[in-house]
Amino acid sequence: MKKVLTIAGSDCSGGAGIQADIKTITAHKMYAMSVITSLTAQNTTGVYGIADTAPEFVGQQLDCIFTDIVPDAVKIGMVSNSAIIRVIAEKLRQYDAKNVVVDPVMISTSGSRLLSEDACDALVSQLFPAASLITPNIPEAEVLSGLDISDKSAMLQAAEKIAFSQQCGVLIKGGHLPGDACDLLFYHGETFWYDTDRITNPNTHGTGCTLSSAIACGLASGKDLADSIRSAKEYLTGALKAGLDLGKGSGPLDHTYCLSSACE
Ligand SMILES: Nc1ncnc2c1ncn2[C@@H]1O[C@H](COP(=O)(O)OP(=O)(O)OP(=O)(O)O)[C@@H](O)[C@H]1O
Ligand SMILES: Cc1ncc(CO)c(N)n1
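- The name given to the protein chain in an unreviewed UniProt entry is Hydroxymethylpyrimidine/phosphomethylpyrimidine kinase, with Anaerovorax odorimutans as the source organism.
- According to the UniProt record, the Sequence similarities (unreviewed entry) comment for the protein chain reads "Belongs to the ThiD family."

Dropping the structure here:
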């Protein structure tokens, strides 16, 4: 059985963060492990509280995992502050972690800050070098590139600019632009577009978390980056199409949609 680790924040309402990741990894029939960087009090309407884990305790959790059940891939989501980022980067280096997907979570779907401002530099300088892939959404890609992104050509410019200083692949997710859901991978000077029809569903809480952990599952199973993204998009689209409608705000995805079918 392939093993996938998620390093992320907890969403008590189960739609995003660690909970979305574990559901995604389990639906891929893989073994899920988690290092919780932060507890959030949130639901479909917003984020109401954040309690960060002590950085030393993040380190202790990582030691427990890497000295025992070594993951085949690692997904990193909400990392909150620079001390937590430092310890994660150190441990990933120490244990030579493979297939690392970094979702540079900065702001929640509902608009709350999930990364302190000073931590943004640490994320770029310390975690990106450990990554095989980073997966910014449009607002995150705007912060990382310093460009305004309002269409596909601006996505391309931003991806090139971000990739210029990084060795890893850059996947800019187009969920926040109008029209189809078009994501762009820029990797070793090549571009790949992943275009899917936009599903009419206001319940998109946790799409980013789900996509990045599904990509980590693809990498864990030995697929290359481009294929891992293609199958992750299929998984995500299915979970959106299933049309679950929970809560009073932007609700979660349905990770049970493929339990009875042949979902890889
Ligand atoms: N309505 C939709 N229909 C189809 N695909 C979508 C839709 N909305 C988002 N996506 C896809 O979901 C994935 C996540 O994209 P998005 O831009 O929403 O990320 P995000 O903002 O990081 O997510 P989150 O809401 O978890 O913070 C991308 O592959 C995107 O194309
Ligand atoms: C814990 C957590 N991670 C990521 C997101 C991004 O959607 C969120 N809302 N909550």
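So, next bit.
### Side note on helix α7 (residues 207-220)
Logical step 1: Relative to the 20 Å expected for 14 residues at 1.5 Å per residue, α7 spans 20 Å between its end C-alpha atoms, a close match to the ideal helical length.
Logical step 2: Within α7, 13 of the 14 residues are buried, leaving the element largely enclosed by the surrounding structure.
Logical step 3: Taken from the residues just after α7, glycine 222 is the one with a positive phi, measuring 100 degrees.

### A look at the site of ligand 1
Logical step 1: In the vicinity of ligand 1, 19 residues are found, and the nearest of them are Thr109, Asn137, Lys173, His176 and Asp183.
Logical step 2: One of the backbone N or O atoms of glycine 208 is found 2.9 Å from an oxygen atom in ligand 1.
Logical step 3: The side chain of lysine 233 places a nitrogen or oxygen atom 2.9 Å from an oxygen atom of ligand 1.
Logical step 4: Protein coverage of the free-state accessible area of ligand 1, which is 630 Å², stands at 94%.
Logical step 5: Those elements giving two or more residues to the shell around ligand 1 turn out to be β8 (181-187), α7 and α8 (225-241).
Logical step 6: A per-element tally of the shell around ligand 1 places α7 first, with 4 residues.
Logical step 7: Per-class residue counts for the shell around ligand 1 are 6 nonpolar, 8 polar and 5 charged.

Definitions and cut-offs
Residues numbered from 1 in each chain as written. Chains lettered and ligands numbered in written order. Predicted model: local features only at pLDDT ≥ 70, side-chain atom pairs only at ≥ 80, totals over all residues. Heavy atoms only, no water. UniProt positions renumbered as here; feature names shortened; annotations may be inferred. Helix = DSSP H or I, 4+ residues; strand = E, 2+ residues; numbered from the N terminus. Expected span 1.5 Å × (residues − 1). Buried < 20%, exposed > 50% of the residue type's maximum accessible area, 1.4 Å probe, protein only. Near = heavy atom within 4 Å. Polar contact = N/O pair within 3.5 Å; in protein donor to acceptor, adjacent residues only side chain to side chain. Areas by Shrake-Rupley, 256 points an atom, 1.4 Å probe, with all protein chains shown as cover. Nonpolar A, V, L, I, M, F, W, Y, C, P; charged D, E, K, R; others polar.

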